[in-house]
Amino acid sequence: MRAPIATNNSALIAMIADEDTVTGFLMAGVGNVDLRRKTNYLIVDSKTTVKAIEDAFKEFTTREDIAIVLISQYVANMIRFLVDRYNKPVPAILEIPSKDHPYDPAQDSVLSRVKHLFSTESVASGRR
């Protein structure tokens, strides 16, 4: 039996994406600013450094109040080594499309892990 995943009642969704995507989610009520003026989102534009994206990803994946990190797939590709190395169940990392960059399932690390898991189970059970 698996150990229960610890969560609290006020878990947040974090965002790392372009301005239009983040704005849409902020209008839907996803945004949060804590007492230390820390937000749960990073708007990525042409001036955003890869280091800033890496730092935001590391911060969001270690914060205890975040349950899901939504990251635009083209942004995830900039820090693919971090996204692929991340393996904790909470916060969950979900790659999403953006207005200017369509979703490519071949690049989605979560989808590739699921495919690998099911192909391993099929081989182990003798099904093909």
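Structure report, in brief. Remember, predicted model here, so these are calculated numbers, not experimental data.

The subject of this paragraph is the nonpolar core. Formed by 20 residues in total, the largest nonpolar core has its most connected members in Ile16, Phe57 and Ile71. At the level of elements, strand E1 (12-17), helix H2 (50-62), strand E3 (66-72), helix H3 (73-78) and helix H4 (80-85) are the ones that each hand at least two residues to this core. When residues of this core are assigned to their parent elements, the largest contribution, 4 residues, is made by H2. Each residue touching Ile71, except ones within four places of it in the same chain, is listed here: Ile16, Phe57, Ala76, Ile79, Ile93, Leu94, Glu95 and Ile96. Counting 6 residues, the second largest nonpolar core, distinct from the first, contains Ala17, Val22, Val30 and Leu70.

Right, let's talk about the sheet that holds strand E4 (residues 92-96) for a bit. Note: strands within a sheet are paired through backbone hydrogen bonds, in either parallel or antiparallel orientation. If you trace the 4 strands from one edge of the open sheet to the other, you get E2-E1-E3-E4, paired in parallel fashion. What marks the edges here is a single partner per strand, and that holds for strand E2 (41-43) and E4. Neighbour-to-neighbour, the strand axes of this sheet turn through a mean angle of 20 degrees, independent of strand direction. In the sheet, E1 pairs with E3 via 5 bridges, with the strands oriented parallel.

What follows is about the packing of aromatic side chains. By the definition in use, this model includes 1 aromatic pair. Ring geometry for Phe57 and Tyr86: centres 6.0 Å apart, planes at 80 degrees, overall edge-to-face. Taken together, the positions of Phe57 in helix H2 and Tyr86 in the loop between H4 and E4 put the pair 29 residues apart, joining distant regions of the chain.

This paragraph deals with the pairing of E3. Moving residue by residue along a regular strand, the side chains alternate between the two faces of the sheet. Here E3 lies mainly inside the structure; 5 of its 7 residues are buried. By the bridge criterion, 5 bridges tie E3 to E4 in an arrangement that is parallel. In the strand pairing of E4, Leu70 is matched with Leu94.

Per the stated rule, a full pass over the model turns up 7 salt bridges. As a salt-bridge pair, Asp55 and Lys51 come within 3.0 Å of each other at their nearest N and O atoms. One end of the pair, Asp55, and the other, Lys51, are both in helix H2, 4 residues apart, so they sit about a helical turn from each other. Through salt bridges with shared partners, a single ionic network connects Glu59, Arg63 and Asp65.

The next point concerns the environment of Asn40. Residue placement: Asn40 occurs in the loop between helix H1 (19-27) and E2. Distance from Asn40 to Val69, taken between C-alpha atoms, is 9.1 Å for residues 29 residues apart in sequence. Not counting the four nearest positions on each side in its chain, Asn40 is found in contact with Leu12, Ile13, Ala14, Met15, Val30, Gly31, Asn32, Phe60 and Arg63. A polar contact is formed between the side chain of Asn40 and the backbone oxygen of Ile13, at a distance of 2.7 Å.

Conventions adopted
- Residues numbered from 1 in each chain as written.
- Predicted model: local features only at pLDDT ≥ 70, side-chain atom pairs only at ≥ 80, totals over all residues.
- Heavy atoms only, no water.
- Core = buried A, V, L, I, M, F, W, Y, C linked by side-chain atoms within 4.5 Å.
- Buried < 20%, exposed > 50% of the residue type's maximum accessible area, 1.4 Å probe, protein only.
- Helix = DSSP H or I, 4+ residues; strand = E, 2+ residues; numbered from the N terminus.
- Contact = heavy atoms within 4.5 Å.
- Pairing = 2+ DSSP bridges.
- Axes fitted to C-alpha atoms, helices over the stretch in contact; angles between N-to-C directions.
- Phe/Tyr/Trp six-rings, centres within 6.5 Å; stacked < 30°, edge-to-face > 60°.
- Salt bridge = Lys/Arg side-chain N within 4 Å of Asp/Glu carboxyl O.
- Polar contact = N/O pair within 3.5 Å; in protein donor to acceptor, adjacent residues only side chain to side chain.

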